[in-house]
Amino acid sequence: GIQVEQSPPDLILQEGANSTLRCNFSDSVNNLQWFHQNPWGQLINLFYIPSGTKQNGRLSATTVATERYSLLYISSSQTTDSGVYFCAVGHGGATNKLIFGTGTLLAVQP
Amino acid sequence: DVKVTQSSRYLVKRTGEKVFLECVQDMDHENMFWYRQDPGLGLRLIYFSYDVKMKEKGDIPEGYSVSREKKERFSLILESASTNQTSMYLCASSFAPPPYEQYFGPGTRLTVT
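Keep in mind that what you see is a predicted model, and the values were worked out from it rather than measured. (Residues numbered from 1 in each chain as written. Chains lettered and ligands numbered in written order. Predicted model: local features only at pLDDT ≥ 70, side-chain atom pairs only at ≥ 80, totals over all residues. Heavy atoms only, no water.)

**Q** Teacher, can you tell me more about the overall build of chain A here?
**A** Each helix and strand in chain A was counted, giving 0 helices and 11 strands. Along chain A, helices and strands appear, N-terminal first, in the series β-β-β-β-β-β-β-β-β-β-β. The globule rule puts the C-alpha radius of gyration for 110 residues at 13 Å, and the 13 Å found for chain A is close to it. With respect to the three principal axes, the spread of C-alpha positions in chain A is 45 × 25 × 20 Å. Partitioning the intrachain contacts of chain A with sequence separation of at least 6 by distance along the chain shows that 55% fall at a separation of at least 24. (Helix = DSSP H or I, 4+ residues; strand = E, 2+ residues; numbered from the N terminus. Rg over C-alpha atoms; globule rule 2.2 N^0.38 Å. Contact = heavy atoms within 4.5 Å.)

So, in C-alpha cells, the structure goes:
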C-alpha cells in the first residue's frame, strides 16, 4: 500500500520563528490533507491540497503531485501552534480512505 | 459550518461489555469513517460506510462492527470490549464525489478496564 512519511518527527521553535514540515508519499494521490491535532485530540482541518498552493493566514501549503511531496509552512509561529501535524493521503475511488503519516510534533516556546 | 459530533468525549467500560460509539454529521455527506489512534501506531481505519446500510472493512476491523441506518449517523459497536480496545476513536465524514475532504469529530477516549 501507499506509504506516507513525515519529517521532521519533532520540532522545537521559539515564538516568532518560521518552519517547514514535509510529507512524502509513495504513489499518486487524489486527496491530500493537512491536519493539526490539538491537545484535546481534535483533528483540525488545515488544508485540502491534492495539488497546487494554498495560503490561510500564517499557514501555507504546497503539493507537488508529480514529485510526490507536500510542504506545510508555518510563519511567525505562536505557542498556540503547538501540537501534532498530520499529513494524510487518499488514492482510492469515491470512498477515498485516508492513509495518515506518523505526524510531526511541534512545540513552540515563548 | 461543518459539524461532526460524537456521543461521548470520555468513556470507561468493563471487559466484556457491549459498547456503542455514536457519530452524527450534519453536512449530508455520503461517506463516514471510524478510525482509532494509538501511540506509536498512528491513525488506522476500522470501518467505513459509503451509503446507508453499506459498509466496508478498513485495516483493523477485528472485534468491531458498525451500523448505518440513517445517512447522518454512523455507529461503531464493540460487541465484547477488551482491554486492547482502549484507545482514542475518531469519526469522520466526507462527500463521495470530489473534493474528498474529510472532517473529523472531537474523538472519544475509551478506556476498557
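**Q** Even after reading the chapter, I still don't get the environment of V12 of chain B, so can you show me in this structure?
**A** Residue and element names in this part refer to chain B. Inspection of the secondary structure assignment puts V12 in strand β2 (residues 10–13). Here V12 falls in the exposed class, since its relative accessible area comes to 60%. Apart from the residues within four sequence positions on either side, V12 is in contact with T111 and T113. (Buried < 20%, exposed > 50% of the residue type's maximum accessible area, 1.4 Å probe, protein only.)

**Q** Is there a simple way to explain the pairing of strand β8 (residues 69–74) of chain A in this structure?
**A** On a regular strand, each side chain points to the face opposite its neighbour's, so the side chains alternate between the two faces of the sheet. Residues and elements named next belong to chain A. Of all 6 residues in β8, 5 are buried; the element is thus mostly enclosed. As paired elements, strand β3 (residues 19–25) and β8 share 6 bridges and run antiparallel to each other. Within the sheet, the bridge partner assigned to C23 lies in β8 and is S70. Where strand β7 (residues 59–64) and β8 come together, 6 bridges link them in antiparallel fashion. Within β8, the position partnered with T62 by the bridge is L71. Linking two consecutive strands that pair antiparallel, namely β7 and β8, is a turn of 4 residues; a positive phi of about 60° is found at R68 within it. (Pairing = 2+ DSSP bridges.)

**Q** Help me out: how do you make sense of the sheet that holds strand β1 (residues 4–6) of chain B in this one?
**A** Residues and elements named next belong to chain B. Pairing in this open sheet of 4 strands is antiparallel, and the strands run β1-β3-β8-β7 from one edge to the other. On the outer flanks of this sheet lie β1 and β7 (64–70), each paired with one strand and no other. For this sheet, the mean inter-axis angle between neighbouring strands, taken without regard to orientation, is 20°. Where strand β3 (residues 19–25) meets strand β8 (residues 73–78), 6 bridges bridge the pair, whose relative direction is antiparallel. The partner of C23 across the bridge, within β8, is F74. (Axes fitted to C-alpha atoms, helices over the stretch in contact; angles between N-to-C directions.)

**Q** What exactly am I supposed to notice about the environment of Y73 of chain A here?
**A** Residues and elements named next belong to chain A. Following the sequence through the fold, Y73 ends up in strand β8. Note: C-alpha distance between Y73 and L59 (14 residues apart in sequence) is 5.6 Å. Ignoring anything within four residues of it in the chain, the contact list for Y73 reads S19, T20, R58, L59, S60, A61 and T62.

**Q** In this structure, what is going on with the sheet that holds β8 of chain A? I would like to understand it.
**A** Within a sheet, each strand pairs with its neighbour through backbone hydrogen bonds, oriented either parallel or antiparallel. Residues and elements named next belong to chain A. On the basis of which strands lie adjacent, the open sheet formed by 5 strands has the order β1-β3-β8-β7-β6 and antiparallel pairing. Looking along the sheet, the strands with just one partner apiece sit at the ends: β1 (4–7) and β6 (52–56). When strand polarity is set aside, the average angle formed by the axes of neighbouring strands in this sheet is 15°.

**Q** What should I look at first to understand the state of the cysteines in this one?
**A** By definition, a disulfide links the sulfur atoms of two cysteines through a covalent bond. According to the stated counting rule, one finds 2 disulfides over all chains in the structure shown. Between C23 of chain A and C87 of chain A runs a disulfide, and the two sulfur atoms are separated by 2.0 Å. The sign of the S-S torsion, about -55°, decides the handedness of the disulfide formed by C23 of chain A and C87 of chain A: left-handed. Taken together, the residues C23 of chain A in strand β3 and C87 of chain A in strand β9 (residues 83–90) connect sequence positions 64 residues apart. We note that C23 of chain A, like C87 of chain A, is buried. What pairs with C23 of chain B in a disulfide is C91 of chain B, and their sulfur atoms sit 1.9 Å apart. (Disulfide = S-S within 2.5 Å.)

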